[in-house]
Amino acid sequence: MTKKRILSGMRPTGPLHIGHLVGALDNWVKLQDEYECFFMVADWHALMSEYADPADLKENLINDVIDWLACGISPKKSTIFIQSHVQEHLELYMIFSVITPLGWLERCPTYKEQLREITNRDLSTFGFLGYPVLQAADILLYKAEAVPVGEDQLPHLELTREISRRFNSLYKKDIFPQAQALLTKTPRILGLDGRKMSKSYNNFIAISEGPKNIRLKVQSMFTDPLRIKFTDPGHPQTCNVHSYYAVFAPERKKEIDELCHKAQIGCTDCKKELAEILINFLEPIQKKRTELLKDKKHIFDILEQGSKQAGRVASKTLSEVKGLLNLV
Ligand code: TRP
Ligand code: SF4
């Protein structure tokens, strides 16, 4: 039986953090055995928001891919590639932009939200409005049936399906599938301050974070606000530190629950222990990272191979599409 194909991507806009690890990467690693996987560095998508200051793009790109590999994404199992190295993405994006009604894009909830919330960049550009159109091209170029993403991407997948249906119906051919989201089951971990973990809030622990920083950052975490003195019984279920235990040390979680409830452990000690758990958790990944960093050429080779492989699939789809449109 042939494996179903999936595609996912990340924008190289900064260091990957433990939220990416448990929210996406761990899932990608598992999916590799079950699906034919395409994992893409979405550098065009990064440029859409970082165009005014692209200084870190290259550095971010290589570091992110090193994180992927260190976490267990394998070029032997998956096709790992750079979006801008497969020119067909832009061609299909162009074609889709021709058939996508403006209203679909203007109404897209992520678009409206980002325009409202991101105030340190000017996102009222032509390119940014078309963000989901390029994402649809990314997915449909490979005729991916499933797309592992977080909930925040659901509106983009909805649009991808709409574009797919519109194309199929305009040109009377069932060429593109209806790509479904593959949501991760892992509970998402929040940032150190209890907000969404994000580079822009600077409330994250990077996958590459050193032990000293991890200890400092964990000590700064918000805890149960009702627990002021050591003798106050804590409410672990509302404590962010506790939710990290649930993800990174589920076997210790129950005990922490009890100790906290009975005020038998202080928050400082509870965080000290968590910091060591995280340090141990990340140690093997960081070891692999250090190894991989020694040979960056090898990483670029993997990406070149992957981009060639992706290009073979992409060019087949694009020829079919051009045929339907009578482009010569
Ligand atoms: N928009 C996605 C994000 O911000 C990144 C992305 C680009 C993507 N192209 C994709 C994800 C295609 C899945 C499939 O996370
Ligand atoms: Fe949170 Fe641990 Fe403090 Fe309880 S003891 S409130 S779980 S940090």
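Residues numbered from 1 in each chain as written. Chains lettered and ligands numbered in written order. Predicted model: local features only at pLDDT ≥ 70, side-chain atom pairs only at ≥ 80, totals over all residues. Heavy atoms only, no water.

**Side note on the overall build of the chain**
Phase 1 of the analysis: From N to C terminus, the chain includes 14 helices and 5 strands.
Phase 2 of the analysis: Taken along the three principal axes of its C-alpha coordinates, the chain extends 75 × 45 × 45 Å.
Phase 3 of the analysis: Burial statistics for the chain: of 328 residues in total, 49% are counted as buried.
Phase 4 of the analysis: A sequence separation of at least 24 residues applies to 79% of the contacts in the chain between residues at least 6 apart.
Phase 5 of the analysis: Charged side chains in the chain number 44 positive and 41 negative. The centres of these two groups are separated by 2 Å. (Helix = DSSP H or I, 4+ residues; strand = E, 2+ residues; numbered from the N terminus. Buried < 20%, exposed > 50% of the residue type's maximum accessible area, 1.4 Å probe, protein only. Contact = heavy atoms within 4.5 Å. Lys, Arg positive; Asp, Glu negative; His and termini not counted. Charge placed at Lys NZ, Arg CZ, Asp CG, Glu CD.)

**Some remarks on the pairing of strand 5 (residues 180–183)**
Phase 1 of the analysis: Taken together, the 4 bridges between strand 4 (residues 146–149) and strand 5 define a ladder with parallel strand orientation. Residue Pro148 lies in a different strand from strand 5, and its bridge partner there is Leu182.
Phase 2 of the analysis: Running through helix 9 (residues 154–170), the crossover from strand 4 to the neighbouring parallel element strand 5 is right-handed. (Pairing = 2+ DSSP bridges. Right-handed = clockwise from strand over helix to strand, strands pointing away.)

**A word on the site of ligand 1**
Phase 1 of the analysis: Around ligand 1, the surrounding shell holds 14 residues, and the nearest of these are His45, Tyr131, Gln135, Asp138 and Gln153.
Phase 2 of the analysis: The contact in question runs from a nitrogen atom of ligand 1 to an N or O atom on the side chain of Gln135, over 2.9 Å.
Phase 3 of the analysis: For ligand 1, a nitrogen atom lies 2.7 Å from a polar atom in the side chain of Asp138.
Phase 4 of the analysis: In isolation ligand 1 offers 360 Å² of accessible surface; the protein chains occlude 89% of this area.
Phase 5 of the analysis: Counting only elements with at least two residues in the shell around ligand 1, the list comes to strand 1 (5–10), helix 8 (131–140) and strand 4.
Phase 6 of the analysis: The element that contributes the greatest number of residues to the shell around ligand 1 is helix 8, accounting for 4 residues. (Near = heavy atom within 4 Å. Polar contact = N/O pair within 3.5 Å; in protein donor to acceptor, adjacent residues only side chain to side chain. Areas by Shrake-Rupley, 256 points an atom, 1.4 Å probe, with all protein chains shown as cover.)

**Describing the domain arrangement of the chain**
A common measure of how large an interface is: the accessible area buried when the components associate.
Phase 1 of the analysis: The domains assigned to the chain are domain 1 (5–188 + 296–324) and domain 2 (211–290).
Phase 2 of the analysis: Its C-alpha centre places domain 1 at a distance of 34 Å from the equivalent point of domain 2.
Phase 3 of the analysis: Taken together, the contact pairs 11 residues of domain 1 with 9 residues of domain 2.
Phase 4 of the analysis: Both sides together, the interface formed by domain 1 and domain 2 hides about 810 Å², and carbon and sulfur atoms give 73% of it.
Phase 5 of the analysis: Among the residues domain 1 hides against domain 2, the three largest losses belong to Ile18, Leu21 and Ala70. Together they make up 51% of the total.
Phase 6 of the analysis: Remark: the boundary between domain 1 and domain 2 carries 1 salt bridge.
Phase 7 of the analysis: Ionic pairing is found between Arg289 and Asp67, a salt bridge with its closest N-O pair at 2.6 Å.
Phase 8 of the analysis: Put simply, domain 1 and domain 2 have 2 residue pairs in polar contact (both at pLDDT 80 or more) between them. (Domains from an automatic or database assignment. Buried area = accessible area lost by both parts, 1.4 Å probe. Salt bridge = Lys/Arg side-chain N within 4 Å of Asp/Glu carboxyl O.)

**Some thoughts on the site of ligand 2**
Phase 1 of the analysis: Thr223, Asp224, Arg227, Cys239, Val241, His242, Cys260, Ile265, Cys267 and Cys270 make up every residue found near ligand 2.
Phase 2 of the analysis: Elements that contribute at least two residues to the shell around ligand 2 include exactly helix 11 (240–248) and helix 13 (267–293).
Phase 3 of the analysis: Counted by class, the shell around ligand 2 contains 6 nonpolar, 2 polar and 2 charged residues. (Nonpolar A, V, L, I, M, F, W, Y, C, P; charged D, E, K, R; others polar.)

**So, the packing of helix 11 against helix 12 (residues 250–261)**
Phase 1 of the analysis: Close contact between helix 11 and helix 12 brings their axes to 6 Å; oriented N to C, the two are set at 145°. Crossing geometry of helix 11 relative to helix 12 is assigned as left-handed. In this structure, helix 11 contributes His242, Tyr245, Ala246, Val247 and Phe248 to the contact, and helix 12 contributes Pro250, Arg252, Lys253, Ile256 and Asp257.
Phase 2 of the analysis: Classifying every residue of the contact of helix 11 with helix 12 by side-chain character gives 6 nonpolar, 1 polar and 3 charged. (Axes fitted to C-alpha atoms, helices over the stretch in contact; angles between N-to-C directions. Left-handed = near helix turned anticlockwise from the far one by under 90°.)

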